[in-house]
Amino acid sequence: MRERNRSGVSQVRSLVAPGNPVPGDAFDGDWATVRWQAELRAIVSHPRQDAPAARARFRPVPPGRRWRVAGLAALAAATAAGVFLAAGIARAPGRAPGRTPALSVFSLPPGSTGAAGSSVPARSLLLTVAQTVARAPVATGRYWRIDTTFGNFRLVGPPTDRYLIVQQGREDNWLARRAADTSASVVQLLGVKLASAADAAAWRRDGSPVTWNIAPDVGAADPQGFAAADAAPVRIAAGRPRILAESSGPSELAYDGKPLSALPADPALLRTLLLAGYQGRNDGSAGSWLFQAAFGLLADPVTPAVRSAVYRLLAGLPGVRSLGPVRDVAGQEGAGIALDGRQSRCLIPGSMLDASGSGPPTSSCVVQQRLIINPVTGMLLAQELRYLTPPAGQRWPAPGGLFSYEVFGSSAWTSRTPPGGTSP
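Residues numbered from 1 in each chain as written. Predicted model: local features only at pLDDT ≥ 70, side-chain atom pairs only at ≥ 80, totals over all residues. Heavy atoms only, no water.

## Examining the overall build of the chain
Alright, step 1. When helices and strands are counted, the chain shows eight helices and 15 strands.
Alright, step 2. By sequence separation, contacts in the chain at least 24 residues apart represent 72% of the contacts at least 6 residues apart.
Alright, step 3. When the accessible area of the chain is evaluated, it comes to approximately 16300 Å², of which 57% is carbon and sulfur surface. (Helix = DSSP H or I, 4+ residues; strand = E, 2+ residues; numbered from the N terminus. Contact = heavy atoms within 4.5 Å. Areas by Shrake-Rupley, 256 points an atom, 1.4 Å probe, with all protein chains shown as cover.)

Shown next, in the form of structure tokens:
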């Protein structure tokens, strides 16, 4: 994975060099290293004043989802803009020609709130699920296929009359187990909704635009609000499915360069391994990092023993609580597990300053990280991120404080060939 990523790293390094305030070259040949994450964060937080007006918007590598990075690196090599770069275009949003288009308002299904203090404590629930998944049969195939639907709430509109839109999409990842096969990521943007009735009124005051010159998010955000970005603009209408990235070579089903099958099945050892990626970070607690890392591993094709260890790790995290039976954005019912915590550096998503000379503005916030799981199978149904306290000065009328979600349609091994893939 390290060798395959070097070319993508080099291209992104050259693209962001004008805004890089870090003395020397802190980049390494691996996208997943702490130094790489630290430099990206420094560039985003403190860009040089002589940098061009068009600014990059980055998503740090999410813990436990290292397989995403190789595909995104391939995209960087294939496009002049690079994978994490959003082209900042200083012009008015696109207007609807003639009749104002219909734009629906986002809503959560009944039962999506959950009940804090459920009769089943989180620890008991998680340990029960850990016992269940440990007995699951070991399965394999040519590809690990993950089909998800994501949504991100974005601030748009004039500086004095901002409003929230929900940018939605679908991602279908085919991750090859063998070097001879080709992994692929197929993405389709599904259009836009408005976050609330108040946002609908503000959208009409803005002239009912049909495009916004911010970069579309690809996938769910992390707890700080960062998400991978595609080329601008965000469009009101759904797009066509397209192959975002393809890659071949050593299997991407790895964590820090080691096969997922080599992960320790002991919760204490697993905790130590995951915390290695937390060193030097100060934007959230270690518990928040581990909760997000657990989400990543539960979405991966880890062995039943490792999946059980992940649930036992979650059961031991301070502050983790049960929400009882809840429904995700798609209406699927499962068991809700949540962790609330303060993040010291939260992106204000879709800010007008994303494309200015000052970089994305940030502020502290309090975020609820939520996993919704199938307690019978132990598989993920969804991840949700909600503001309990939004970034300073931000109005956040989205239902339940929601700002990002990812719903899992299916996660399973398959021997089918992905779109664009080849077979020996």
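Picking up where we left off.
## Some words on the nonpolar core
Alright, step 1. L274, F291, L297, Y311, L314, V320 and L380 are the most contacted members of the largest nonpolar core, which has 43 residues in total.
Alright, step 2. Put simply, the parts of the chain that give this core at least two residues each are α4 (122–134), β1 (143–156), α6 (267–275), α7 (286–298), α8 (304–315), β12 (333–347) and β13 (362–373).
Alright, step 3. The element contributing the most residues to this core is α7, with eight residues.
Alright, step 4. In this structure V320 touches A122, L126, F291, L314, I337, A338 and L339, once residues within four positions along its chain are discounted. (Core = buried A, V, L, I, M, F, W, Y, C linked by side-chain atoms within 4.5 Å. Buried < 20%, exposed > 50% of the residue type's maximum accessible area, 1.4 Å probe, protein only.)

## Let's talk about the pairing of strand β15 (residues 402–414)
Alright, step 1. Pairing between β1 and β15: 10 bridges, direction antiparallel. Note that in β15 the partner of G151 across the bridge is Y405. (Pairing = 2+ DSSP bridges.)

## What about the packing of α4 against α8?
Alright, step 1. Contact geometry of α4 with α8 gives a least axis separation of 8 Å together with a crossing angle of 175°. Of the possible angle classes, the one that applies to α4 and α8 is roughly antiparallel. Counting all contacts with α4, which are made through R123, L126, L127, V129, A130, V133 and A134, the residues of α8 involved are P304, R307, S308, Y311, R312, L314 and A315.
Alright, step 2. Among the residues forming the contact of α4 with α8, the class breakdown is 10 nonpolar, one polar and three charged. (Axes fitted to C-alpha atoms, helices over the stretch in contact; angles between N-to-C directions. Parallel < 35°, antiparallel > 145°, perpendicular 65-115°, else oblique. Nonpolar A, V, L, I, M, F, W, Y, C, P; charged D, E, K, R; others polar.)

## Examining the packing of aromatic side chains
Alright, step 1. The final tally for this structure, using the stated rule, is eight aromatic pairs.
Alright, step 2. With a centroid separation of 4.2 Å and an interplanar angle of 20°, the aromatic rings of Y387 and F403 are classed as stacked. Residue Y387 is located in strand β14 (residues 380–389), and its partner F403 is located in strand β15; the two are separated by 16 residues in the primary sequence. Of the two residues examined, Y387 and F403, each falls in the buried class.
Alright, step 3. Of the aromatic side chains, those joined through ring pairs into one cluster are F106, F153 and Y405. (Phe/Tyr/Trp six-rings, centres within 6.5 Å; stacked < 30°, edge-to-face > 60°.)

## Notes on the pattern of salt bridges
Pairing of side chains with opposite charge becomes possible as their charged atoms draw close.
Alright, step 1. If you walk through the whole model with that rule in mind, you get 11 salt bridges.
Alright, step 2. Here R321 and D340 are joined by a salt bridge, their closest N and O atoms 2.8 Å apart. Pair noted here: R321 is in strand β11 (residues 321–327) and D340 is in strand β12, with a separation of 19 residues, a long-range link.
Alright, step 3. Given the relative accessible area of 24%, R321 is considered partly exposed.
Alright, step 4. By relative accessible area, D340 is classed as partly exposed at 32%.
Alright, step 5. The shortest N-O distance in the salt bridge between E384 and R386 comes to 2.8 Å.
Alright, step 6. Counted as one network, the salt bridges with shared partners bring together R142, R178 and D181. (Salt bridge = Lys/Arg side-chain N within 4 Å of Asp/Glu carboxyl O.)

## A word on the confidence of the model for the chain
Alright, step 1. Model confidence for the chain is summarised by a mean pLDDT of 76, while 70% of its residues fall at 70 or above.
Alright, step 2. For the chain, the element scoring lowest by mean pLDDT is helix α3 (residues 67–78), at 37; α8 scores highest, at 96.
Alright, step 3. Below a pLDDT of 50 lies the segment residues 41–92, which in the model reaches 157 contacts outside its immediate sequence neighbourhood of four places, other chains included.
Alright, step 4. Note on residues 352–358: pLDDT is under 50 here. Beyond four places in sequence and across chains, it has 22 contacts. (pLDDT = per-residue confidence, 0-100.)

## Quick notes on α8
Alright, step 1. The first and last C-alpha atoms of α8 sit 17 Å apart over 12 residues, in line with the 16 Å expected at 1.5 Å per residue.
Alright, step 2. Along α8, 10 of the 12 residues are buried, which leaves the element largely enclosed by surrounding structure.
Alright, step 3. Turning to α8, its buried residues are P304, V306, R307, S308, A309, V310, Y311, L313, L314 and A315.
Alright, step 4. Those residues of α8 hidden inside the fold are in contact with α4, α6, α7 and β13. (Expected span 1.5 Å × (residues − 1).)

## Some remarks on unusual backbone geometry
Alright, step 1. Its identity is not glycine, yet S208 carries a phi of approximately 55°, on the positive side.
Alright, step 2. For S208, the location among the structural elements is in the loop between α5 (197–205) and β4 (211–212).
Alright, step 3. Exposure remark for S208: the relative accessible area of 5% places this residue in the buried category.

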